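Descriptive structure summary
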Amino acid sequence: MSKTEDFLTPEEEQEIINAIQEAEQNTSGEIRIHIERGSKKDAFDRAKEVFHLLKMDNTKLQNGVLIYLAIENRTFAICGDKGINDVVAPDFWDSTKDVMQSHFKKKNFKKGLIEGVLKAGEQLQKYFPWEKGDVNELSDDISKN
């Protein structure tokens, strides 16, 4: 399973997009998922690059969250912008990764991604609640490379 197009079915992708939209409904925060075949770089370093390439570092409140997956490397990372990183518990991203990984180990990638999105959304809602006039600054679609 090396092609990013084959990693999730269109139905699974839509369920994940729905989870992103649900998670973003009550927050000004932005959540994206990026899936690529693989990378020669460390997952977190590559996630930071992708974060910038997707212009996630341009959100007004610095509250973007990227979930990055490298399929062939069998690795993933969660990258939050300064605004969200400054307020969540120090172990929050690790505990979120642990929940996701427990699903990934069972090959249930859709459930793992949805759980990660919803956990990130809860924290974004807590620290960056939706306010009148907030707009969706970034696409909810899953980006692929």
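We now turn to the structure provided with this report. Keep in mind it's a predicted model, so treat the numbers as computed, not measured.

All right, on to the sheet that holds strand β3 (residues 75–80) then. Whenever strands of a sheet pair, they do so through backbone hydrogen bonds, lying parallel or antiparallel. The mixed open sheet is built from four strands, whose spatial order is β3-β2-β1-β4. With one partner strand each, in any of the chains shown, β3 and β4 (143–144) form the two edges of the open sheet. Here strand β1 (residues 30–36) runs beside β4; their pairing, made up of two bridges, is parallel. Looking at the pairing, I35 lines up with K144 of β4. Against the sheet, helix α2 (residues 10–24) touches β1 and β4, its axis set at about 155° to β1. Against the sheet, helix α6 (residues 109–127) makes contact with β1 and β2 (64–70), and its axis sits at roughly 155° relative to β1, the strand it touches most.

Okay, the layout of surface pockets next. Looking at the largest pocket, its volume works out to about 380 Å³. Residue lining of the largest pocket: 14 residues in total, with I71, R74, T75, F104 and F109 positioned closest to the centre. Within the residue set of the lining of the largest pocket, elements represented by two or more residues are β2, β3 and α5 (92–104). Looking at the lining of the largest pocket residue by residue, the classes come out as eight nonpolar, two polar and four charged.

This part takes up the packing of aromatic side chains. The final tally for this structure, using the stated rule, is four aromatic pairs. Centroid distance F76 to F104: 4.9 Å. Interplanar angle 75°. Geometry classified as edge-to-face. On the criterion of sequence distance, the pair formed by F76 in strand β3 and F104 in helix α5 is long-range, its members being 28 residues apart. F76 gets classed as buried once you look at its relative accessible area, which sits at 8%. You can call F104 buried: its relative accessible area is 11%. Taken together, a centroid distance of 4.8 Å and an interplanar angle of 65° make the contact between F92 and W93 edge-to-face. One aromatic cluster is present, built from ring pairs that chain together F7, F76, F104 and F109. Note that K97 overlies the ring of F76, its terminal NZ or CZ placed 5.2 Å from the centroid.

Pairing between side chains becomes possible if they bear opposite charge and their charged atoms approach one another. Counted under the stated rule, the structure contains eight salt bridges. One salt bridge in this structure joins K144 and E13, with 2.3 Å as the shortest N-O distance. In this pair, K144 sits in strand β4 while E13 sits in helix α2, placing the two residues 131 residues apart along the sequence. When the shortest N-O distance is used, the salt bridge between R46 and E49 registers 2.8 Å. Of this pair, R46 and E49 both sit in helix α3 (residues 43–53), three residues apart, roughly one helical turn. Because the salt bridges share partners, they merge into one network encompassing E36, K41, R46 and E49.

Before going further, it helps to spend a moment on the environment of I33. Within the fold, I33 resides in strand β1. Sequence separation of I33 and S143 is 110 residues, and the distance between their C-alpha atoms is 6.3 Å. Excluding its chain neighbours within four sequence positions, the residues that come into contact with I33 are I16, I20, L66, I67, L69, L113, V117, D141, I142 and S143.

Reading guide: rules and limits
- Residues numbered from 1 in each chain as written.
- Predicted model: local features only at pLDDT ≥ 70, side-chain atom pairs only at ≥ 80, totals over all residues.
- Heavy atoms only, no water.
- Pairing = 2+ DSSP bridges.
- Helix = DSSP H or I, 4+ residues; strand = E, 2+ residues; numbered from the N terminus.
- Contact = heavy atoms within 4.5 Å.
- Axes fitted to C-alpha atoms, helices over the stretch in contact; angles between N-to-C directions.
- 1 Å grid on protein atoms, 1.4 Å probe; cavity = no way out; pocket = protein on both sides within 12 Å on 5 of 7 lines; lining within 4 Å.
- Points joined across faces, edges and corners; volume = space filled by probe spheres on them.
- Nonpolar A, V, L, I, M, F, W, Y, C, P; charged D, E, K, R; others polar.
- Phe/Tyr/Trp six-rings, centres within 6.5 Å; stacked < 30°, edge-to-face > 60°.
- Buried < 20%, exposed > 50% of the residue type's maximum accessible area, 1.4 Å probe, protein only.
- Lys NZ or Arg CZ within 6 Å of the ring centre and 35° of its normal.
- Salt bridge = Lys/Arg side-chain N within 4 Å of Asp/Glu carboxyl O.

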